[in-house]
Amino acid sequence: MTSLLLRIVTLLFWIFITVNAQDFTIEEATIDDIQQAFAVNNLTARQLVDFYLNRIKTLNPLIRSVIEVNPDAQDQAEKADQERRNNQGMNPLGNLHGIPVLLKDTIATNDKMNTTAGSYSLVGSVVARDAGVVERLRKAGAVILGKTSLSEWYKFRSIDHIPNGWCARAGQGVNPYYPSGDPCGSSSGSAISVAANMVALALGTETHSSIICPSDHNSVVGLKPTVGLTSRAGVIPMMPSRDTIGPIARTVSDAVYLLDVIVGFDPRDEASSEATKFIPEGGYKQFLSPHGLKGKRLGIVRNPFLNMLTESIASAFEHHLNTLRRQGAIIVDNLEIANISMILNPKRTGEMTLMMAEFKLSLNDYLKELIVSPVRSLADVIAFNQNNPDLEKMKEYGQNTFIAAEKTNGIGEKEKNAIESMKRLSRDGFEKTIKENSLDAVVTPGSGVVSVLAIGGYPGITVPAGYDGNGMPFGICFSGLKGTEPKLIEIAYAFEQATTARRPPTCTITAESLLGSI
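Definitions and limits used
Residues numbered from 1 in each chain as written. Predicted model: local features only at pLDDT ≥ 70, side-chain atom pairs only at ≥ 80, totals over all residues. Heavy atoms only, no water. Helix = DSSP H or I, 4+ residues; strand = E, 2+ residues; numbered from the N terminus. Buried < 20%, exposed > 50% of the residue type's maximum accessible area, 1.4 Å probe, protein only. Polar contact = N/O pair within 3.5 Å; in protein donor to acceptor, adjacent residues only side chain to side chain. Contact = heavy atoms within 4.5 Å. Disulfide = S-S within 2.5 Å. Core = buried A, V, L, I, M, F, W, Y, C linked by side-chain atoms within 4.5 Å. Expected span 1.5 Å × (residues − 1).

Bringing the side chain of Gln399 into the picture now. Within the secondary structure layout, Gln399 lies in the loop between α15 (394-397) and α16 (400-406). Judged by its relative accessible area of 4%, Gln399 is buried. Looking at Gln399, its side chain comes within polar contact range of the main-chain oxygen of Ile382, at 3.1 Å. Contact partners of Gln399, with chain neighbours within four places excluded, come to Arg157, Ser158, Val381, Ile382, Asn385, Gln386 and Met394.

Counted by the stated rule, this structure contains 1 disulfide. Paired through a disulfide, Cys184 and Cys213 show a sulfur-sulfur distance of 1.9 Å. Between Cys184 and Cys213, the S-S torsion sits near 95 degrees, and that sign places the bridge as right-handed. Separated by 29 residues along the polypeptide, Cys184 in the loop between β7 (171-172) and α6 (188-195) and Cys213 in helix α7 (residues 212-217) bring together distant segments of the chain. The thiol sulfur of Cys167 is not disulfide-bonded, and the nearest other cysteine sulfur, from Cys184, lies at 15 Å. Cys213 provides the cysteine sulfur closest to Cys477, a residue in no disulfide bond, and the two sulfurs are 11 Å apart.

Let us look at the nonpolar core. Core analysis: the largest hydrophobic core is formed by 146 residues, its most contacted members being Leu137, Leu324 and Phe478. Among residues more than four places away in sequence, those in contact with Leu137 are Leu96, Val101, Leu103, Ala142, Ile144, Leu203, Leu258, Val261 and Ile262.

With that out of the way, let us pick up helix α4 (residues 73-87). Because each turn of an α-helix spans 3.6 residues, side chains separated by three or four positions end up pointing in the same direction. Here α4 spans 21 Å end to end across 15 residues, near enough to the 21 Å set by a 1.5 Å rise per residue. Next to the buried residues of α4 lie α2 (31-39), α3 (45-63), α5 (132-139) and β5 (143-148). Within two residues after α4, Gln88 carries a phi angle of roughly 50 degrees, on the positive side.

Here it is in structure tokens:
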């Protein structure tokens, strides 16, 4: 009890840092706020890292969103501070210089940290190099703060049994707004950590819902890029034809600053070659306009997404549609996506069939390339789990999906038919709706649209839009065709600025709530 009280007092003290007789509030600070504080010597990167490390130490035992912290984070912060002192304003250092970033525990770092997908089977493994996106973060001067928890193995070990946000190494991740609510997955730890002010920026991955859903459920901004826009090299694969890496942040602008750093060609990822054509000259931050909704044609797809929500959230959605109109958007209402009931079922679209085969092939390739690893194949992982039932909670959660994937035998006729099915459903559904109505984006409440985006590799961005009667967050998702990130950013940023709907969670930052959790 005494130890926890001391940690609470320390935490509440660190919410405000006073340097040079000026107050700077780190909690909820944006990247622009932090960089301004750096510029006028009101804050150092080391102070910022220390704040977040203390915050993690205090909150993580309760919400379990961080698997491990980087033992070199403070050294990296001091290096950034020294670079800033040496630079003395001569050259722009970039928006992410000195900024801590948390990484989902599937994104490889060639350092003292593990990369395990939340499983004990990969503890002690050694990667050959940083993931492509991590190389870009280091080059930008960002501080790699640690690894976040996730739904173990992207929840693919046992889709029907593993809870969202649970992994063996961290336990059950907790939604900081509504502790008994669903944190969603699989990038749950990244979303929870950003929401609870344990970091300003985090990276997640998405194959099917894994950035959009946890961001929606934890009241943060989640940006799922077009597949190939960001390199997947060095990231534990799920379904390479659909995997993507994207930012999670508290504001659209912060997410965009992170996106600008991680996009681009990587010779180790074929898909990044074709996707480079989508990257605008000058990057994405130029599209952060408060007038970004003016003249945009937005298609509203109500069925079945509105039916998935409570009456209060549905009412709030109608209010937000009026806001979009007032900001100059042209609303094209009551649109339908052809075959939507089929698209929402991964088994009917062929997505699950392809996922099984791709996962086994790509995971085996990833494991074989590790310098050191206790497991070298999916079969080895299955055997590890069977031999360590208590570590991996085998009795509770099992590994039926793993076992089914292990039985696949490459990309055969069945898998090729699945690929064609997803192409056809995307072409005749989402793409047709957008093209026939000349839309700039599709607007949907909550995260129900993720299946549509998954099968076509389309981008989407979710923005906090409010809270239900229990305090459970919900967002609004703006999505579009491949490469339409500039339009989506304009729309999302203007919506965010017009609504300012997000508020910080209270249940994780008050002494009363922390004591009540003992």
